[in-house]
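Each chain is listed here by its residues.
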Amino acid sequence: MDFSIPARHARITEEILALAPELHDAQLQERDRLGLFSRDLWGILCRRGLHLLPAPESLGGRGLGAAELAAALEALGEHCDDTGLVFALAAHLCACVHPLALHGSTEQKQHWLTRIAQGGLIGAHAITEEQAGSDVNAMSTVAVREGDGYRLDGVKRYITNAPVCDFVVVHARTGHSGSFLDFSTFILERKTPGLHISAQPHEKVGLRTTAMGDICFDAVRVDESQRIGCEGSGGPIFQASMEWERTCLFAMYLGVMRRQLHQSCRRAETRVQFDRPLIEHQAIAHRLADMKVRLEAARLATARAAWSLDHPPADPSASAVAKLLVSDACIRNGLDAVHIHGASGVLSGDIERQLRNAIPSTLFSGASEVLKNHLVRQLRGECRRASRGVE
Ligand SMILES: Cc1cc2nc3c(=O)[nH]c(=O)nc-3n(C[C@H](O)[C@H](O)[C@H](O)COP(=O)(O)OP(=O)(O)OC[C@H]3O[C@@H](n4cnc5c(N)ncnc54)[C@H](O)[C@@H]3O)c2cc1C
């Protein structure tokens, strides 16, 4: 095991650190209150090519692997106060750009990645429906064969970036065998006739500066050339996107936790109560130690998951373990940070925002209980195989 930081990780981290002053937004508190995504900040990310990090260099990307992308998003999480913006970028990269780069045809990559590079386009990834949340197999959006293409009908809910997106990667049912191979993935322009996006972003507890909305597909005509991968490959494409989100998108929270730990430590050093800095009261000092331990455990699990993605075949349990640890850690650390800051921690600002931004993390990219169910299924298989080996 090599724990040294590779030169490419260090370079991207330094690049993001240098960008931090440009990403600082004095209006963040107000935008967070109003739930406003910033096109200006998105433009800054695009000018630096951060909106195409995992795409091939020949098509305007940086060709980053999972470990490098995780390093980049961790650095953004730490140095950009607008976590909603980083979340919007991470969802676009992991669930739109990465599947295109990995599964898209040569023509699709040429067409879409070049346009994303030049136009700073924003992607939205749509699978969830009112009756198909954790249970994606209950999906009712259908793509029915019609001539040399498909007709798409259905409604997708809670879609990150939907109100501000330029294109949509959508999963729809193309089969009825009852298996995960019943789905196919399509890529569509926002302006496609019959595609309607809710006008007002949903109001939510955290990640408020990411725009979230619903997308209705009403007799939408899609050409066969808009299908990513072959018919029936939507399940594996979706699964791969989720593994990248659980690993790389969640690395954003590692960066947030690192900033939060430093803020909490500084507060505990400088705030004096009962004639001593708070950090000299052991109960507070141990809270800081617990925050550090959770962060480091989550970070190691993320590094292991990223390594697994970069050395296929990926072990899906690695990204599930990482996601469970990161989401648990960011909520617990968020609570500890508020507690250490006392009343000032509940006033509107970075500390209370970090906690609110952490709350939805146990739901998207695979809810905690559902990931645990998968882990236990895998564990039972391992146990059965191990006991057969013993017999
Ligand atoms: C901030 C945010 C961004 C999102 N972005 C997107 C996006 O870009 N694209 C997209 O398609 N979707 C997106 N979603 C939706 C997300 O994928 C769903 O919220 C998620 O799949 C869970 O579905 P649900 O909300 O319907 O909850 P449900 O599936 O109804 O689950 C509710 C609770 O029940 C638990 N539960 C469910 N099944 C079981 C079970 N078998 N055993 C034990 N417990 C169970 C869950 O763990 C959860 O705690 C986003 C959600 C959030 C919060």
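Calculation notes
- Residues numbered from 1 in each chain as written.
- Predicted model: local features only at pLDDT ≥ 70, side-chain atom pairs only at ≥ 80, totals over all residues.
- Heavy atoms only, no water.
- Near = heavy atom within 4 Å.
- Polar contact = N/O pair within 3.5 Å; in protein donor to acceptor, adjacent residues only side chain to side chain.
- Areas by Shrake-Rupley, 256 points an atom, 1.4 Å probe, with all protein chains shown as cover.
- Helix = DSSP H or I, 4+ residues; strand = E, 2+ residues; numbered from the N terminus.
- Nonpolar A, V, L, I, M, F, W, Y, C, P; charged D, E, K, R; others polar.
- Domains from an automatic or database assignment.
- Contact = heavy atoms within 4.5 Å.
- Buried area = accessible area lost by both parts, 1.4 Å probe.
- Salt bridge = Lys/Arg side-chain N within 4 Å of Asp/Glu carboxyl O.
- Buried < 20%, exposed > 50% of the residue type's maximum accessible area, 1.4 Å probe, protein only.
- Phe/Tyr/Trp six-rings, centres within 6.5 Å; stacked < 30°, edge-to-face > 60°.
- Lys NZ or Arg CZ within 6 Å of the ring centre and 35° of its normal.

Chemist: Please provide a residue-by-residue account of the site of the ligand, values included.
Modeler: Taken together, 18 residues are adjacent to the ligand, and His-125, Thr-128, Ser-134, Thr-160 and Glu-369 come closest. One of the backbone N or O atoms of Ile-127 is found 2.9 Å from an oxygen atom in the ligand. Taking Glu-369, its side chain carries an N or O atom lying 2.6 Å from an oxygen atom of the ligand. Taken by itself the ligand offers 970 Å² of open surface, and the protein chains cover 65% of this. Counting only elements with at least two residues in the shell around the ligand, the list comes to β1 (123-126), β3 (149-160) and α11 (368-390). Per-class residue counts for the shell around the ligand are 11 nonpolar, six polar and one charged. In terms of domain composition, the shell around the ligand takes at least three residues from each of domain 2 (125-235) and domain 3 (250-385).

Chemist: Could you give an account of the domain arrangement of the protein, naming the residues involved and the relevant values?
Modeler: Partitioning the protein into structural domains gives domain 1 (7-122), domain 2 (125-235) and domain 3 (250-385). Spacing between the C-alpha centres of domain 2 and domain 3 amounts to 31 Å. Counting residues at the interface gives five residues for domain 2 and nine residues for domain 3. Among the residues domain 2 hides against domain 3, the three largest losses belong to Ser-134, Val-205 and Leu-207. Together they make up 83% of the total. In this assembly, domain 2 and domain 3 are joined by zero salt bridges. The interface formed by domain 2 and domain 3 holds two residue pairs in polar contact (both at pLDDT 80 or more) in total. The residue makeup of the side of domain 2 that touches domain 3, split by class, is two nonpolar, two polar and one charged.

Chemist: Which residues make up the pattern of salt bridges, and what values do they have?
Modeler: Under the definition given, this model contains 28 salt bridges. A salt bridge links Glu-74 to Arg-299, with the nearest nitrogen and oxygen atoms 2.8 Å apart. Placement of Glu-74 in helix α4 (residues 66-79) and of Arg-299 in helix α8 (residues 282-310) is noted, with a sequence separation of 225 residues between them. The class of Glu-74 is buried, set by a relative accessible area of 9%. With its nearest N and O atoms 3.2 Å apart, the salt bridge here joins Arg-145 to Glu-231. Here Arg-145, found in strand β2 (residues 142-146), pairs with Glu-231, found in the loop between β8 (227-228) and α7 (234-270); they are 86 residues apart in sequence, far enough to count as distant. Assessed through its relative accessible area of 42%, Arg-145 is described here as partly exposed. The exposure class of Glu-231 is partly exposed, given its relative accessible area of 35%. Each of Glu-74, Glu-78, Arg-258 and Arg-299 takes part in salt bridges that share partners, so that together they form one network.

Chemist: Would you mind going over the packing of aromatic side chains in detail, with residue names and values included?
Modeler: Scanning the entire structure with this criterion turns up seven aromatic pairs. With a centroid separation of 5.3 Å and 40° between ring planes, the pair formed by Trp-112 and Phe-167 is classed as tilted. Of this pair, Trp-112 sits in helix α6 (residues 106-119) while Phe-167 is found in strand β4 (residues 167-173), placing the two residues 55 residues apart along the sequence. Like Trp-112, the residue Phe-167 is buried in the burial classification. A ring pair is formed by Tyr-150 and Phe-186, whose centres lie 5.0 Å apart and whose planes are at 70°; its orientation type is edge-to-face. Of the two residues, Tyr-150 is situated in strand β3 and Phe-186 in strand β5 (residues 183-189); the sequence distance between them amounts to 36 residues. Comparing Tyr-150 with Phe-186 shows no difference in burial state: the two are buried. Ring-pair connections join several aromatic residues into one group, and the members of that group are Phe-87, Phe-250, Tyr-253 and Phe-364. Sitting above the plane of the Trp-112 ring, Arg-115 keeps its charged end 5.2 Å from the centroid.

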